[in-house]
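# Summary of the model geometry
Single-letter residue listing:
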Amino acid sequence: MDPTSAVPAASSAAPAGAAKAKTTLTGNFDTFLTLLTTQLKNQDPLSPMDSSQFTQQLVQFSQVEQSINANQNLESLISLTKARAAGDAVGFLGKTVTLTDGTAGLKSGQAVWGYSLASDSTATRLVIADSKGHTVYTGAGDITSGLHAFTWDGKDNAGNALPDGTYTLSVTAQTTDGTAVKTQVASQGVVDEVDLSGTEPMLRIGTLMVPLSKATLISGH
């Protein structure tokens, strides 16, 4: 048996499999050395084996080992990063979170948003969509510049009470000549649970599940 057949052709081990890959490499290297030693002992003195091929394979083993070590370091770094993110997320329990993507949770017939107009408008339109993107409510909003609060009773335009869940408010405004007025929408809620089961910590705010990365502002009360 050719000892070079024990050398792995390449190493593309993902960080999660770095430890297993290193164990396999160690076994392959031991097999390589055993076969090499056996062939050297039994080689024909008049026709010695070419050592350049062995040297090349030893270099390949070294390169594969370096790659696996790099993957192990990356695996450790990812684990530390996840642990820190999880610790940060748990620290948000009981804190007030501000969201600026327009989402808010409807609970017991109430959802609250704040929105602002950069300048006065002649018409402001409020549109609420459910979690599937379907429009469930439209109405008129304030037309003066500044910050305004909007409390929705959870009913559609036909007066039907909608189920608790995540809803999104969008606000559009314009002046008499049709020029769009810049608007912003935000909502707030208290974090009452943190879910660490996924790839990113999720903050539960009432009926709303918010990825940690979307929590734009955290306050202590």
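Below is a summary of the structure that appears in this document.

## A few points about the pattern of salt bridges
Summed over the entire model, instances satisfying the criterion amount to two salt bridges. With a closest N to O distance of 3.6 Å, arginine 204 and glutamate 193 form a salt bridge. A residue pair is termed long-range when its members are at least 10 positions apart, and arginine 204 in strand 11 (residues 202-205) and glutamate 193 in strand 10 (residues 193-195) qualify at eleven residues.

## Here we look at unusual backbone geometry
The backbone of serine 108 shows a phi angle near 55°, a positive value even though the residue is not glycine. Among the structural elements, serine 108 can be located in the loop between strand 2 (103-106) and strand 3 (111-117).

## Description of the sheet that holds strand 11
Pairing within the open sheet is antiparallel, and its three strands lie in the order 10-11-12. Bordering the open sheet on either side are strand 10 and strand 12 (208-211), each of which pairs with just one other strand. Shown here is a sheet whose adjacent strand axes are inclined to one another by a mean of 30°, direction ignored.

## A few points about the nonpolar core
In terms of nonpolar packing, the biggest core is built from 18 residues, with Trp113, Ile128, Phe150, Trp152 and Leu169 touching the most fellow members. Of all the secondary structure elements, the ones that give two or more residues to this core are strand 2, strand 3, strand 4 (123-129), strand 5 (135-140), strand 6 (146-152) and strand 7 (165-174). Those residues within four positions of isoleucine 128 in sequence are excluded, and the remaining contacts are Trp113, His134, Thr135, Val136, Tyr137, Phe150, Trp152, Tyr167, Thr168 and Leu169. Judged by nonpolar contacts, the second largest core, of eleven residues, contains Phe92, Val97, Leu99 and Leu212.

## Thoughts on the environment of aspartate 156
Note on placement: aspartate 156 falls in the loop between strand 6 and strand 7. Distance from aspartate 156 to isoleucine 128, taken between C-alpha atoms, is 9.0 Å for residues 28 residues apart in sequence. Every residue in contact with aspartate 156, bar those within four places of it in the chain, is listed here: Val136 and Leu162. A polar contact of 2.9 Å, which involves the side chain of aspartate 156, links it to the backbone nitrogen of alanine 158.

## Thoughts on the side chain of aspartate 156
In this structure, aspartate 156 is buried with no salt-bridge partner, the nearest side chain bearing the opposite charge being lysine 155 at 8.9 Å. Of note is the side chain of aspartate 156, whose polar atom sits 2.8 Å from the backbone nitrogen of asparagine 160.

Conventions and cut-offs
- Residues numbered from 1 in each chain as written.
- Predicted model: local features only at pLDDT ≥ 70, side-chain atom pairs only at ≥ 80, totals over all residues.
- Heavy atoms only, no water.
- Salt bridge = Lys/Arg side-chain N within 4 Å of Asp/Glu carboxyl O.
- Helix = DSSP H or I, 4+ residues; strand = E, 2+ residues; numbered from the N terminus.
- Pairing = 2+ DSSP bridges.
- Axes fitted to C-alpha atoms, helices over the stretch in contact; angles between N-to-C directions.
- Core = buried A, V, L, I, M, F, W, Y, C linked by side-chain atoms within 4.5 Å.
- Buried < 20%, exposed > 50% of the residue type's maximum accessible area, 1.4 Å probe, protein only.
- Contact = heavy atoms within 4.5 Å.
- Polar contact = N/O pair within 3.5 Å; in protein donor to acceptor, adjacent residues only side chain to side chain.
- Lys, Arg positive; Asp, Glu negative; His and termini not counted.

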